[in-house]
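Examination of the molecular architecture
As a plain string of letters, each chain reads:
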Amino acid sequence: MSDELLSRMREVVGQHSEPSLARHAIGTAAIADWCDAMGEDNPCYTDPEFAAKSRHGGIVAPPATLDIWTRPGLPAQASLARRCGKDPLSRVMAMVEAEGFIGVVAVNSELEFARYLRPGDLLQGVQVMEDVSEEKQTALGIGHFVTTRTKYSTVEGEHVGDLLFRILKFRPGTGARPAAATDDEPKPPDASPALRPRPAINRDNQALWDGYRTHELRLPQCQGCQRVFFPPSPRCAQCGSFDMAYVVSEGHGTVYSHVAVHYPQAPGFAYPVPVALVELDEGPRMVADLVGVSRDQLEIGMPVEVDWLDSHPAVVDGATDSRGPVTLPRFRPAAPPRRTETRTVGSVSEGDPLPLWVLPITPTRIVAGALATRDFQDVHHDRDLAHKKGSADTFLNINTSMGFMERYVCDWAGPEAVVTALRVKLGAPAYPYHPLTFTGSVKSVDATTGRVVVEVAATNTLGRHVAGTVELELNP
Ligand SMILES: [Zn+2]
């Protein structure tokens, strides 16, 4: 049966869809919205004066936007489902689903760019069925890999780039089963933050905890001698005054020392817990958890910034907790600065590491990314519907992940690095409140062509979210 299915599917290989035409030409407003969602500050995308003097001669669109412009808008989502059967991908999907391969997961996404897109470009995309694999046993189940290539061009016919997209259609329940946990293996404690011990809030520290709830890092200040200190105390150790107020810290500091806590294990924490003594720019040192970083990535002197954990909610099981909500200050590695001068190929060597980047993932970031990339699938903005579809929460869409990956590498390479390809293998979902940690290194450098390949991975507490390469061209 599977041979027969394979031969029917393979008949579709090489067939292409009707062109999908963008509803609007690329515009600077949509580019700016995309940049806002990604936190992208590259002036080639948003600053007309800078862009005019750059190699591009004017504003360009970030390369990672290639596949968003021909997408239908929000009202077209329903008609997309009805289009089923007309294009080669829908035909293959119908064939595999009829044979029970109803599970689907995106596996690879690769964007290749022939040139940067400019405001005014009106794009169209044609999807070609590139490959259907034979039946394979994967960790998720027995299935077929289905690969499409969408070729993008302007309406005048100029080719601007390609998207290669691979999905796995699998039979649920046929994957490798996780090894059953044995009784003698101790289970890690439940890591839900609400299970952490509540802080002892009293008159000496009340003002600080009140500030934390609004994500304001307050530090006690003696009104007798103006000394800023931590932890809070009823009486100044320097001048003896009892007159206390507070200052608001900017939340920046460096790691003074660090340790990883393995044992004893208490509920509310995921072990090992990296803990640092952080020296704040205002002077005092405070002990706090570190987030988005493992112990082996920690270094003394590493710049860090405050990150907030709303650990104990105001409402528990539908009732207001009379003790009030609790927010804990913790720290993450500070975001690496964006380079303003573009690197030359001669200044880059194979093996060069990129700085660690820990990116907080919030529901707002997920929704903003989905909207800016014109992806209206409900799992990226509607938690109730995401639950109904078996997902633990809403999650970042692929375009947003690729946008962050592009930004990460260009922040390191400089504003006029030319991105020629973005290739990713997709893994664990990026849910809200699980920060993504980006790491990277230079994989290869070709000094004659200026071609540089950077390997990038983004991981969270669930595992590897994306891993892949960003291909660049740098000037000699
Ligand atoms: Zn004092």
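**Digging into the overall build of the protein**
- A tally of regular secondary structure across the protein gives ten helices and 20 strands.
- Counting only C-alpha atoms, the protein reaches 85 × 60 × 45 Å along its principal axes.
- The burial tally for the protein puts 32% of its 476 residues in the buried class.

**Focus on helix α2 (residues 28-38)**
- For α2, the set of buried residues is Ile-31, Trp-34, Cys-35, Ala-37 and Met-38. When α2 is viewed along its axis, its buried side chains cluster within an angular range of 160 degrees and face the same direction. Exposed side of α2, more than 90 degrees from the buried face: Ala-29 and Asp-36 are the residues found there.
- Here the buried face of α2 lies against α3 (43-46), α8 (363-372) and α10 (398-413).

**Observations regarding the nonpolar core**
- In this structure, Val-60, Met-405, Tyr-408, Val-409, Val-454 and Leu-472 are the most contacted members of the largest nonpolar core, which totals 76 residues.
- Looking at this core element by element, the count peaks at eight residues for α10.
- Counting 13 residues, the second largest nonpolar core, distinct from the first, contains Met-9, Val-132, Leu-168 and Phe-170.

**Here we look at the sheet that holds strand β10 (residues 273-280)**
- The sheet built from five strands is open, its strands ordered β11-β10-β9-β12-β15 with antiparallel pairing. Strands at the two margins of the open sheet, each flanked by one partner only, are β11 (285-289) and β15 (326-333). Strand after strand, the sheet turns through a mean of 35 degrees between neighbouring axes, direction not considered.
- Bridging between strand β9 (residues 252-261) and strand β12 (residues 303-312) involves three bridges; their strand directions are antiparallel. Note on β12: the bridge partner recorded for Gly-253 is Val-304.

**Some thoughts on the pairing of strand β8 (residues 244-248)**
- Taking burial as the measure, the five residues of β8 include zero buried ones, a minor fraction of the element.
- Both strand β7 (residues 218-222) and β8 contribute to a ladder of five bridges, which runs antiparallel. Note on β8: the bridge partner recorded for Cys-222 is Met-244.

**Remarks on the pairing of strand β19 (residues 451-460)**
- With nine bridges connecting them, strand β18 (residues 436-446) and β19 associate as antiparallel partners. Opposite Gly-440, over in β19, you have Val-456 as the bridge partner.
- Direction of pairing for β19 relative to strand β20 (residues 463-473): antiparallel, over a ladder of ten bridges. The partner of Ala-458 across the bridge, within β20, is Val-466.

**Some remarks on the environment of Pro-435**
- Along the chain, Pro-435 falls in the loop between β17 (418-426) and β18.
- The spacing of Pro-435 and Asp-162 is 273 residues in sequence and 30 Å in space, taken between C-alpha atoms.

**Some details on the packing of α2 against α8**
- Following both chains from N to C, one finds α2 and α8 inclined at 155 degrees, their axes separated by 9 Å at the closest point. Regarding the angle of α2 to α8, the classification is roughly antiparallel. When you trace α2 past α8, the crossing you get is left-handed. The segment α2 lies against α8, with Asp-33, Trp-34 and Ala-37 engaging Ala-368, Gly-369 and Ala-372.
- The class makeup of the residues in the contact of α2 with α8 is four nonpolar, one polar and one charged.

**Topic: the environment of Asp-3**
- Residue position: Asp-3 is located in helix α1 (residues 2-10).
- Sequence separation of Asp-3 and Thr-400 is 397 residues, and the distance between their C-alpha atoms is 38 Å.

**A few points about the domain arrangement of the protein**
- When its domains are assigned, the protein resolves into domain 1 (1-26 + 61-175), domain 2 (193-333) and domain 3 (339-476).
- For domain 2 versus domain 3, the separation of C-alpha centres amounts to 30 Å.
- Taken together, the eight residues of domain 2 in the interface contact six residues of domain 3.
- Residue classes in the side of domain 2 that touches domain 3 are distributed as four nonpolar, two polar and two charged.

**Quick look at unusual backbone geometry**
- Looking along the chain, the bond that leaves Phe-230 and enters Pro-231 is cis, with omega of 0 degrees.
- Geometrically, the link from Tyr-271 to Pro-272 is a cis peptide bond, its omega value of -5 degrees lying close to zero.
- Examined against the element boundaries, Pro-272 turns out to sit in the loop between β9 and β10.
- Residues other than glycine seldom take positive phi values, yet Arg-374 does so here, at roughly 60 degrees.
- Within the secondary structure layout, Arg-374 lies in the loop between α8 and α9 (383-388).
- Residue classification places Arg-374 among the buried positions, given that 21 C-beta atoms sit within 10 Å.

Rules used in this analysis
Residues numbered from 1 in each chain as written. Predicted model: local features only at pLDDT ≥ 70, side-chain atom pairs only at ≥ 80, totals over all residues. Helix = DSSP H or I, 4+ residues; strand = E, 2+ residues; numbered from the N terminus. Buried ≥ 20, exposed ≤ 12 C-beta atoms within 10 Å, placed from the backbone. Arc of directions from axis to C-beta. Contact = placed C-beta atoms within 7 Å. Core = buried A, V, L, I, M, F, W, Y, C linked by C-beta atoms within 7 Å. Pairing = 2+ DSSP bridges. Axes fitted to C-alpha atoms, helices over the stretch in contact; angles between N-to-C directions. Parallel < 35°, antiparallel > 145°, perpendicular 65-115°, else oblique. Left-handed = near helix turned anticlockwise from the far one by under 90°. Nonpolar A, V, L, I, M, F, W, Y, C, P; charged D, E, K, R; others polar. Domains from an automatic or database assignment.

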